[in-house]
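Below, each chain spelled out in residue letters.
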Amino acid sequence: MEEYLPYTVEALHHAAATYEIIVVDDCSTDDSVHFVQNHYPQIKILVNQENRGFSYTCNQGIAIAQYDLVLLLNSDVKLTPTYFDQQWKYFKKEDTFGVMGRIMSRNGEKIEDAARMLDLYGGKLKTNRHFYTVNDNNVYTAYLSGANALVDRKKLLEIGGFNELFSPFYYEDLDLGLRAWRMGWKCYYEHEAVCFHQVSASTKKYKTARWVKQVYFRNRFMLHALHMEGPQLYIYFMRIILIDLLPMLLVGNFWIWKSYVEFFKRRNDIIAAKNQYPGTIKSNRARFSLLDVMAFLRETLRTKQIVRVY
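Note that the structure is predicted; figures quoted are calculated from it, not measured. (Residues numbered from 1 in each chain as written. Predicted model: local features only at pLDDT ≥ 70, side-chain atom pairs only at ≥ 80, totals over all residues. Heavy atoms only, no water.)

Here's the deal with the overall build of the chain
Across its full length, the chain carries 10 helices and 14 strands. Taking the principal axes of its C-alpha atoms as reference, the chain extends roughly 55 × 50 × 40 Å. When burial is assessed residue by residue, the chain has 51% of its 310 residues classed as buried. Sequence separation of 24 or more characterises 75% of the internal contacts of the chain that already satisfy a separation of 6 or more. Roughly 15,800 Å² of accessible area belongs to the chain as shown, and the carbon and sulfur atoms make up 52% of that amount. (Helix = DSSP H or I, 4+ residues; strand = E, 2+ residues; numbered from the N terminus. Buried < 20%, exposed > 50% of the residue type's maximum accessible area, 1.4 Å probe, protein only. Contact = heavy atoms within 4.5 Å. Areas by Shrake-Rupley, 256 points an atom, 1.4 Å probe, with all protein chains shown as cover.)

Digging into the sheet that holds strand 7 (residues 115–116)
Strand-to-strand pairing in sheets goes through backbone hydrogen bonds, with the strands running parallel or antiparallel. On the basis of which strands lie adjacent, the open sheet formed by three strands has the order 7-10-14 and antiparallel pairing. The two strands at the open ends of the sheet, each matched to only one other strand, are strand 7 and strand 14 (306–309). As paired elements, strand 10 (residues 130–133) and strand 14 share four bridges and run antiparallel to each other. Paired with Phe131 across the strands is Arg308, a residue of strand 14. (Pairing = 2+ DSSP bridges.)

Details of empty space enclosed by the protein
Inspection of every chain in the model, using the stated rule, returns one cavity of 30 Å³ or more. Size it by volume and the largest cavity reaches roughly 50 Å³. Listing elements by their share of the lining of the largest cavity, those giving two or more residues are strand 12 (148–152) and helix 5 (172–182). Here the lining of the largest cavity takes three residues from helix 5, the largest share from any one element. Looking at side-chain class alone, the lining of the largest cavity contains seven nonpolar, three polar and one charged residues. (1 Å grid on protein atoms, 1.4 Å probe; cavity = no way out; pocket = protein on both sides within 12 Å on 5 of 7 lines; lining within 4 Å. Points joined across faces, edges and corners; volume = space filled by probe spheres on them. Nonpolar A, V, L, I, M, F, W, Y, C, P; charged D, E, K, R; others polar.)

Focus: the packing of aromatic side chains
Summed over the entire model, instances satisfying the criterion amount to 21 aromatic pairs. The interplanar angle of 40 degrees and the centroid separation of 5.1 Å between the aromatic rings of Tyr140 and Tyr188 together place this pair among those described as tilted. Taken as a pair, Tyr140 in strand 11 (residues 139–140) and Tyr188 in strand 13 (residues 186–197) lie far apart in primary sequence, 48 residues in all. Like Tyr188, Tyr140 is buried. Ring pairs connect the aromatic residues Phe169, Tyr170, Tyr171, Trp211, Tyr216, Phe217, Phe221, Phe237, Trp255, Trp257, Tyr260 and Phe263, which therefore count as one cluster. Positioned over the ring face of Phe196 is Lys78, at 5.7 Å from the centre of the ring. In this structure, Lys155 packs its charged tip against the face of Trp185, placed 5.7 Å from the ring centre. (Phe/Tyr/Trp six-rings, centres within 6.5 Å; stacked < 30°, edge-to-face > 60°. Lys NZ or Arg CZ within 6 Å of the ring centre and 35° of its normal.)

So, the environment of Asp30
Structurally, the position occupied by Asp30 is in the loop between strand 1 (22–25) and helix 2 (32–39). It is 13 Å that separates the C-alpha atoms of Asp30 and Asn51, two residues lying 21 residues apart in sequence. Only 2.6 Å separates the side chain of Asp30 from the side chain of Ser32, close enough to count as a polar contact. (Polar contact = N/O pair within 3.5 Å; in protein donor to acceptor, adjacent residues only side chain to side chain.)

Comments concerning the UniProt feature "transmembrane region" (unreviewed entry) in the chain
The positions that UniProt labels "transmembrane region" (unreviewed entry) are, in the present scheme, residues 233–257. For residues 233–257, the helix share is 84%, the strand share is 0%, and the end-to-end C-alpha distance is 20 Å. (UniProt positions renumbered as here; feature names shortened; annotations may be inferred.)

Re the side chain of Asn163
Its location among the elements puts Asn163 in the loop between helix 4 (153–158) and helix 5. A distance of 2.9 Å separates the side chain of Asn163 from the backbone nitrogen of Leu165, its partner in a polar contact. Apart from residues no more than four positions distant in its own chain, Asn163 is found in contact with Ser55, Asp175, Arg179, Leu226, Ala273 and Tyr277.

Description of unusual backbone geometry
For the peptide bond that leads from Ser167 to Pro168, omega is 10 degrees, which places it in the cis range. By the element assignment, Pro168 lies in the loop between helix 4 and helix 5. Even without being a glycine, Ala16 presents a positive backbone phi close to 55 degrees. With respect to the helices and strands, the residue Ala16 is situated in the loop between helix 1 (5–15) and strand 1. The exposure class assigned to Ala16 is exposed, which follows from its relative accessible area of 69%.

This is the structure:
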């Protein structure tokens, strides 16, 4: 934060907007809290008494925010001074959920994240195709990166913020984006809003690589269970067993069994969360399935000149 926070302040000053900065400390073991208190006394600080993960921590900040828009920003992201210049226009549209910017690598040599396509291959959701468009400032994205996203706070609260089932990390931003789209709200990508990210700086500090993979697969299982319906869901459950689980066990990757067990243990929580989605969506008088969202996003790309990012 010592390195990146000054860039956030600079971008906010350049934007000339009324703002507040909220730092939620997820039970850090360094002197982050003291650093903020000593150098930025105007910043609001919330401190988790135990490590609760990304979803819970973001939700704490969202709950006390007082302005109409919330910028979700990782502590390892460097904003450019003009970051906000091209973002305000999206919120003139009533159905805007949020907008994300172009995420560059820390050294600026490549694009780490851009707009995301939403595909379904072999019964599994894919969002690993990044892109931007040429001479077009109306680009939709399947979801907003949790690392940097400017979001309508009222809409965030209406759909309950991030789903804390995904704690400590992975897939919570995709789940949030899919819920927004299914409400009929739109997620945008703005190529001219540029920031730099020290990718995976947080997850590298967690325990072991094997544990991180266990969390990743568990949350991937949960995401599909939450958003797939009918035959789609049955096909995916077959895929878990035949393609994800059994082959990996056969080659000695026994850690995936823990992912499956943790996923299964949460089945009641998953069912409860899934039952809440239709009710929330119905209250907004709009209900779109996952396939509806995919079809809409695919159709909007037909006439656009796309540049793929690999």
